[in-house]
Amino acid sequence: MEHIMRKTAPLALYFLIIIVLFLHSPKNIHAQSNGSSPFRILILHSYHSGFGGTEETQTGIKETLKSADNLSIICHTEYLNSKYFGQSQAIERRYNDIVEYYKKDYFNAIIVSDDDALKIILQYHERDFSGVSVIFCGINFLDDYDLSPIKEITGVTEEPNTAGIIKLIKELHPNIENIYGISDKSRTGLLDRRRFTEEGKKWDGILNTRLLYFNSNYDLINALKSLPPNSALYRMSKFNQQQIQYDEVKEAIINLKIPSYVGLLERIQTDSSIGGCVISKIEQGVAAAKIALQIANGVEPNSIPITRPPSVNVVDHAKLRHYGIPKNRLPQGIILLNEKSSIFRERPLTSIGAILTIFLLVAVVISLLLAIMRQRRAEVAMLESKAALLEAKTEAERANRAKSEFLSVMNHELRTPLNAIIGPAQLLECQLADRPQCISLLKLISSASHHLLEIISDILDLSKIEAGKVEITLKPVELREFINNRLSPLIQIAQQKKLSFTVEFLANIPKVIKTDSRVLSQILYNIASNATKFTDTGSVQVIVSTKSNMICISIIDTGIGIPPNKQKRIFERFSQVDMSLVRPQEGTGLGLAISKQLVELMGGRIELESEVGKGSKFHIFIPHNEASSSEVSTTDVPVFRQKPTESTKSGHALIVEDDPKSAFILQKLLSLLNWTSDSAKNATEAFQLIGQKPYEMILLDIGLPGMNGFDIAQKIRSSNETYRPWIIAQSAFTMEDQIKQASESGMDDFVTKPISLSSLRKAMEKYSAGKDATPDSPLN
């Protein structure tokens, strides 16, 4: 027996070791990999895409990783959007969504950018990314963090050279006795105050370093004005407090008679001060990416020391001259900005051309700049009393109304002349049917006019978004029916191009969701129509699924594709992939810009995958707000009256229109539909004619002199209950509130100028069939 135990003991010990190793092996899928797999990196930014510092950090990371030709590296970039959320619970929900999205993936390293991303990874690293290396960058005052919970961590710090700035101030201004420091109450601002106080103690007996405390713009501006002449100002960080508006503070700093300096600059600019410390966000990203490459080549994170990219001090030459400081007093290593050069003497023609170009640009925007300056001066004055604050509120409301009125008027003024082009072209097409050459020319005019109308609509849509006139209203919508109906016109276009156009709904798609149907309709149509436009052979697929608590609508085409260096640019305003003079497709390049802004207004996002020559995939993510079928309402658009009378194929109509050209075109279009008509220029003439003849239909313009179209419709409805003509609003005013007002005033339908024969025929068919009308909407 003893002999058998001696024989089996090594074997038992071997199996015991295997079991222990298995039990202690990493369980987190994010840390699993094998030698042949690519090195996968998750880049987690604290702030949102498009934020200046974030984009610069991302540029530094991506450009450095691209240089690693000997490694296979895959990067995934995510944003916590902490500047939007502001609350730790919202940031944590966003983080959990990201973890859920990547739960089936593994990562070798995580690059975290800025403080919020580091905090949440320190909190959840063991739970979600056990064994994954962590590289941080853009972190202020790293001493305040406890990095011990993570063994595999290193990175790059970002701290202002406070000691160097205080020394620079004393060297350039030997007579200075006091340095006053200001910062906000953010975490960075409070840490800056601590560093300033600590460094100031080293100057006891030589300099007095003091902090300025404040609670509002008023307090801070008054404190700045009262600083003694033998002082200097040291602004340590930007101002993120809700009650502090930095533009006003900046103006007060410019007017100071004492020198001012900046503690931390992210770009080489002095920001109205003599100088400051520059730390490049791009260099932060470069340094973090270089650490990631070391780890990818087998270096242990613990052996890589935490680094701090070198910072440099800059000063403004013009400010030096203002304070009478000679250049030879500057320490070595200082970058001198705005020093006069001799380029005017070397290239006088180039300089003159540049100056003229600048003057031309200034002339274009001079009125806007003057308006902004007047508004800012008014805001400063309004802060002096409660009465002034009330006046500021009134002025803001007036400006908001002015924006709405401007958009409405521009919509009207642009559409009305087109009405006088498209209308006659349609009439001539009908009258010259036996002259093919004339027909082709008229179709060319009509096509160009409709293209111009699309451009006008895009520009006005973008203006409404930027003016804050688009509000998101969530209402229940039957998702499958809604998407099929919205894409049906594109299916017909695809068939004409001999393309396959399919719509597929994957499992677990909710039947009803709460969303803004107008906004989603425009987003869906813009992107799907682009896919159809830029695909000549193959197919267009629309796939609806759910991902990470979001509804995902994927639009996949086999078109021309988009080069990687232009994929970001296509979401910018007035941008297309091909911006040459011979580009194959027309358009303003606003459709995707509008769609991106509308998706973000809804709380979603758009993602793009594309390869040149193989096609593109656009993924539209919108919030998953599930609802029940009983909640679906049919009152999302203005409800127009349903005509209960018998079917009518012809009749006599009254046109109320103050523009003779528009009235003439309407009469001719009506005659093509077998309707006779009379015309009135205003309310007085209209009521005289209505008293003489019982018109079956009234085509009523909204913007009439004297009594407008809404008031005329209300008077007709209220004056005689037995006389109920069919009233159609016809107008170039197409804002949503105007369409709603038309319905509420008693009108039965709404056609938009320029009026086409097809839209007028559709309205007449509704009258004949007695169906409910659906108004033309700028966002439909």
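Keep in mind it's a predicted model, so treat the numbers as computed, not measured.

A. Structural context of the pairing of strand β15 (residues 512-515). Pairing of strand β13 (residues 475-478) with β15 involves 4 bridges; the strand directions are antiparallel. For Val-477, the partnering residue across the bridge sits in β15 and is Ile-513.

B. Up close: unusual backbone geometry. If you check the backbone angles, Lys-498 has positive phi at about 60° while not being a glycine. For Lys-498, the position within the fold is in the loop between α16 (479-496) and β14 (500-505). A residue is classified by how much of its surface remains accessible, and Lys-498, at 77% relative accessible area, is exposed. Despite not being glycine, Ser-548 shows a phi value in the positive range, around 50°. Positionally, Ser-548 belongs in the loop between β16 (539-547) and β17 (550-557). According to the relative accessible area criterion, Ser-548 is partly exposed, its value standing at 24%.

C. Spotlight on the sheet that holds strand β2 (residues 73-79). Ordered in space as β2-β1-β3-β4-β5, the 5 strands form an open sheet in which the pairing is parallel. The open sheet has two free edges, formed respectively by β2 and β5 (153-157), since each of these has just one partner strand. Each strand of the sheet is rotated relative to its neighbour by a mean of 15°, with strand direction disregarded. Here 5 bridges tie strand β3 (residues 109-113) to strand β4 (residues 133-139), and the two strands are oriented parallel to one another. Paired with Val-112 across the two strands is Phe-136, which belongs to β4.

D. Local environment of the packing of aromatic side chains. Counted according to the given criterion, the structure contains 5 aromatic pairs. With a centroid separation of 5.0 Å and 75° between ring planes, the pair formed by Tyr-47 and Phe-51 is classed as edge-to-face. You can call Phe-51 partly exposed: its relative accessible area is 26%. When the ring of Tyr-95 is compared with that of Tyr-124, the centres are 5.6 Å apart and the planes differ by 20°; the resulting orientation is stacked. In this pair, Tyr-95 is assigned in helix α4 (residues 88-101) and Tyr-124 in helix α5 (residues 115-128), connecting sequence segments 29 residues apart. Grouping residues by exposure puts Tyr-95 and Tyr-124 together as buried.

E. Main features of the pairing of strand β11 (residues 312-316). In terms of burial, β11 is largely enclosed, as 4 of its 5 residues are buried. Sheet topology note: the strand β10 (residues 275-278)/β11 ladder contains 4 bridges and is antiparallel. Residue Cys-277 lies in a different strand from β11, and its bridge partner there is Asn-313. The β-α-β motif built from β11, the intervening helix α11 (residues 317-322) and the parallel element strand β12 (residues 335-337) has right-handed crossover chirality.

F. Seen up close, the sheet that holds β13. Read from one edge of the open sheet, 3 strands run β13-β15-β20, paired in antiparallel fashion. With one partner strand each, in any of the chains shown, β13 and β20 (626-627) form the two edges of the open sheet. Sheet strands in contact with α16 are β13 and β15, and its direction is about 70° off that of β13.

G. Broad picture of helix α10 (residues 281-296). In this model α10 runs 23 Å from its N-terminal to its C-terminal C-alpha over 16 residues, within 8% of the 22 Å that 1.5 Å per residue would give. The element α10 is largely enclosed, with a buried count of 12 among its 16 residues. Looking at α10, one finds that the buried residues are Lys-281, Gln-284, Gly-285, Val-286, Ala-287, Ala-288, Ala-289, Ile-291, Ala-292, Leu-293, Ile-295 and Ala-296. Those residues of α10 hidden inside the fold are in contact with β1 (39-45), α2 (52-66), β2, β3, β4 and β5. Of the residues flanking the end of α10, it is Gly-298, one or two places downstream, whose phi is positive at about 105°.

H. The arrangement of the environment of Leu-118 in detail. With respect to the helices and strands, Leu-118 occurs in helix α5. Linking Leu-118 and Ser-46, residues 72 residues apart in sequence, is a C-alpha distance of 8.3 Å. In this view, Leu-118 contacts Val-112, Phe-136, Ile-139, Leu-142, Tyr-145 and Ile-153; residues no more than four positions away in its chain are not counted.

I. Representation of the pattern of salt bridges in the model. Summed over all chains, the structure comprises 17 salt bridges. Between Asp-128 and Arg-127 there is a salt bridge, with the nearest N and O atoms lying 2.8 Å from each other. Exposure remark for Asp-128: the relative accessible area of 7% places this residue in the buried category. Since its relative accessible area comes to 48%, Arg-127 is described here as partly exposed. Linking Glu-199 and Lys-202 is a salt bridge whose minimum nitrogen-to-oxygen distance equals 3.3 Å. Residue classification places Glu-199 among the buried positions, given a relative accessible area of 13%. Here the salt bridges share partners, and the residues they tie into one network are Asp-114, Glu-158 and Lys-281.

J. Molecular detail of the nonpolar core. Of all hydrophobic cores here, the largest spans 40 residues; its most connected members are Ile-483, Ile-553, Ile-555 and Phe-618. Of all the elements in the fold, those that place two or more residues in this core are α16, β14, α17 (517-533), β16, β17, α18 (591-601), β18 (605-611) and β19 (615-623). Leaving out residues up to four positions away in the same chain, Ile-555 has contacts with Leu-524, Ile-527, Ala-528, Ala-531, Val-540, Gln-541, Val-542, Ser-616, Lys-617, Phe-618 and Ile-620. Counting residues in each nonpolar core, the second largest holds 27 residues, with Ile-91, Phe-107, Leu-118 and Phe-129 among its members.

K. Representation of the packing of α17 against α18. Their axes nearest at 9 Å, the elements α17 and α18 cross at an angle of 145°. Considering the relative orientation of α17 and α18, their crossing is left-handed. In this structure, α17 uses Val-519, Gln-522, Ile-523, Asn-526, Ile-527 and Asn-530 to contact α18, whose residues at the interface are Gly-591, Leu-592, Ile-594, Ser-595, Leu-598 and Val-599.

L. Broad picture of the confidence of the model for the protein. Looking at the protein, pLDDT values average 77 and 70% of them are 70 or higher. The element-level mean pLDDT for the protein is lowest in helix α1 (residues 2-23), coming to 47, with β3 highest at 96. A low-confidence stretch, residues 771-780 stays under pLDDT 50, and its non-local contacts, those more than four residues away or across chains, total 37 contacts.

The rules behind each value
- Residues numbered from 1 in each chain as written.
- Predicted model: local features only at pLDDT ≥ 70, side-chain atom pairs only at ≥ 80, totals over all residues.
- Heavy atoms only, no water.
- Pairing = 2+ DSSP bridges.
- Helix = DSSP H or I, 4+ residues; strand = E, 2+ residues; numbered from the N terminus.
- Buried < 20%, exposed > 50% of the residue type's maximum accessible area, 1.4 Å probe, protein only.
- Axes fitted to C-alpha atoms, helices over the stretch in contact; angles between N-to-C directions.
- Phe/Tyr/Trp six-rings, centres within 6.5 Å; stacked < 30°, edge-to-face > 60°.
- Right-handed = clockwise from strand over helix to strand, strands pointing away.
- Contact = heavy atoms within 4.5 Å.
- Expected span 1.5 Å × (residues − 1).
- Salt bridge = Lys/Arg side-chain N within 4 Å of Asp/Glu carboxyl O.
- Core = buried A, V, L, I, M, F, W, Y, C linked by side-chain atoms within 4.5 Å.
- Left-handed = near helix turned anticlockwise from the far one by under 90°.
- pLDDT = per-residue confidence, 0-100.

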